[in-house]
Amino acid sequence: MNKSLFNLSLIIGLMISLPIQAQEVTWSIALHGGAGGVSANLTPERIAEYELHLTEALNIGKEILNNGGRSLDAVESVVRYLEDCPLFNAGKGAVLTADGKHELDAAIMDGSNLMAGAIAGVTDIKNPISTARMVMEKTPHLLLIGTGASAFAKENGAEIVENEYFSTPARLEQSIRIRVQQEQASPIGTVGCVALDTFGNLSAATSTGGMGGKMWGRVGDVPIIGAGTYANNQTMAISGTGHGELWIRQVLGFQVHALMLYKGLSLQEAADEVIFDKIAPMGGSGGGIVCVDKEGNVALVFNTGMMHRAWAKSNGEWGVGVIE
Ligand code: ASP
């Protein structure tokens, strides 16, 4: 090849490779609004309603990340939106305990320094995820419970509400079905978000009313760091939804991290292994996880008929879904 022909082919080669480089993933985000079996009242209209709110939540996170914001801010803002949306089992719309109250759990984790904050069994904090973040940033502790968490939230200006604020007609009806008709408590509706930002930092946030009809005082996997919520810049960030006792017994979030770090599995391989090989054989009502890794890969894995979910990457790829 003569020199000018060589230069020409070099330029063409560069032009071809430029769009590929431009598509490099600099941020990514994934969120869920709970997993469970497909119920008879899941009409196309209802699915559309869920997808609308999941997309709105996703857009909040995308905007923060696209403007160079931090993953910690993105996951907190997305979860706050989902807590305020009555469709989900977190904040307004949370399920009821066996004695007819709402007790909420939430956690947030910063994968850049392994700092985390969580609250459990709170009855009057409007947005538990923001108080969890305050625990991380303003106290030497990681997990505050019940009235201690509420007192801390009040002192720090968090919005406090009556317990009835969290009730919706749908949850009250569900609570009666669980108590009177012994309906199987369904874990659908916990919310969570994970994100990678342009600084390479991973964060995770999860918020829930827990399992419908739970004993008062019961705490699930969500505020247990390494179970339902985990983030580590070395590997990935994860938020889970499902039968919390199983998530805790399997230390599920940390397992995904460990499978990637010590066994060299990809994000998808590790996520599949924990859901299908670890959780599924333990029975329970199943569930799912959303994860992003340090390269911006996204994994959404569930062993139930549906998981409310949405995800996006800086290269323009995105998706939203409810049923399988
Ligand atoms: N994992 C939650 C809990 O056990 C429930 C759920 O995800 O729906 O508290």
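Structure: see above.
Note that the coordinates shown come from a computational prediction; the quantities given were computed from them, not determined experimentally.

Reading the values: the criteria
Residues numbered from 1 in each chain as written. Predicted model: local features only at pLDDT ≥ 70, side-chain atom pairs only at ≥ 80, totals over all residues. Heavy atoms only, no water. Pairing = 2+ DSSP bridges. Helix = DSSP H or I, 4+ residues; strand = E, 2+ residues; numbered from the N terminus. Axes fitted to C-alpha atoms, helices over the stretch in contact; angles between N-to-C directions. Contact = heavy atoms within 4.5 Å. Disulfide = S-S within 2.5 Å. Buried < 20%, exposed > 50% of the residue type's maximum accessible area, 1.4 Å probe, protein only. 1 Å grid on protein atoms, 1.4 Å probe; cavity = no way out; pocket = protein on both sides within 12 Å on 5 of 7 lines; lining within 4 Å. Points joined across faces, edges and corners; volume = space filled by probe spheres on them. Nonpolar A, V, L, I, M, F, W, Y, C, P; charged D, E, K, R; others polar. Polar contact = N/O pair within 3.5 Å; in protein donor to acceptor, adjacent residues only side chain to side chain.

A. Expanded view of the sheet that holds strand S7 (residues 229–231). Strand order in the open sheet made by the four strands is S7-S8-S9-S10, with antiparallel pairing throughout. If you trace the sheet from one side to the other, it starts and ends with S7 and strand S10 (298–302), each paired once. Across the sheet, the mean angle from the axis of one strand to that of its neighbour is 10°, orientation sign disregarded. Two strands pair when backbone bridges link them, and strand S8 (residues 236–242) and strand S9 (residues 287–293) are joined in this way by seven bridges, in the antiparallel orientation. Counted as the bridge partner of Gly242 is Gly287 from S9. The strands touched by helix H8 (residues 252–263) within the sheet are S7, S8 and S9, with S8 carrying the most contacts at an inclination of about 145°. The strands touched by helix H9 (residues 267–279) are S8, S9 and S10; relative to S10, the strand with the most contacts, the crossing angle is about 15°.

B. Quick look at the state of the cysteines. Across all of its chains, the model carries zero disulfides by this definition. With no disulfide of its own, Cys193 lies 12 Å from the sulfur of Cys291, the closest cysteine sulfur. You can call Cys193 buried: its relative accessible area is 0%.

C. The arrangement of the layout of surface pockets in detail. As a volume, the largest pocket reaches approximately 600 Å³. Where the lining of the largest pocket is concerned, the elements lending two or more residues are helix H2 (44–66), helix H6 (169–180) and strand S11 (306–313). With five residues, the top contributor of residues to the lining of the largest pocket is H6. When its residues are assigned to classes, the lining of the largest pocket shows seven nonpolar, eight polar and five charged.

D. Here's a closer look at the environment of Lys294. With respect to the helices, strands and loops of the structure, Lys294 is situated in the loop between S9 and S10. In this structure Lys294 comes out as partly exposed when scored by relative accessible area, which is 44%. Linking Lys294 and Leu202, residues 92 residues apart in sequence, is a C-alpha distance of 7.0 Å. Contact partners of Lys294, with chain neighbours within four places excluded, come to Leu196, Leu202, Asn233, Gln234 and Thr235. Here Gln234 takes part through its backbone oxygen, which lies 3.5 Å from a polar atom of the side chain of Lys294.

E. Expanded view of the sheet that holds strand S4 (residues 143–145). Spatially, eight strands are ordered S4-S3-S2-S6-S5-S1-S11-S12 in an open sheet, and the strand pairing comes out mixed. Bordering the open sheet on either side are S4 and strand S12 (318–323), each of which pairs with just one other strand. Between one strand axis and the next, the sheet turns through 5° on average, direction left out of account. Examined bridge by bridge, strand S1 (residues 28–36) and S11 share seven bridges and lie antiparallel to one another. Pairing of Gly36 across the sheet is with Met306, part of S11. Packing against the sheet, helix H3 (residues 71–84) makes contact with S1, strand S2 (104–110), strand S5 (191–196) and strand S6 (202–208), and its axis sits at approximately 160° to S5.

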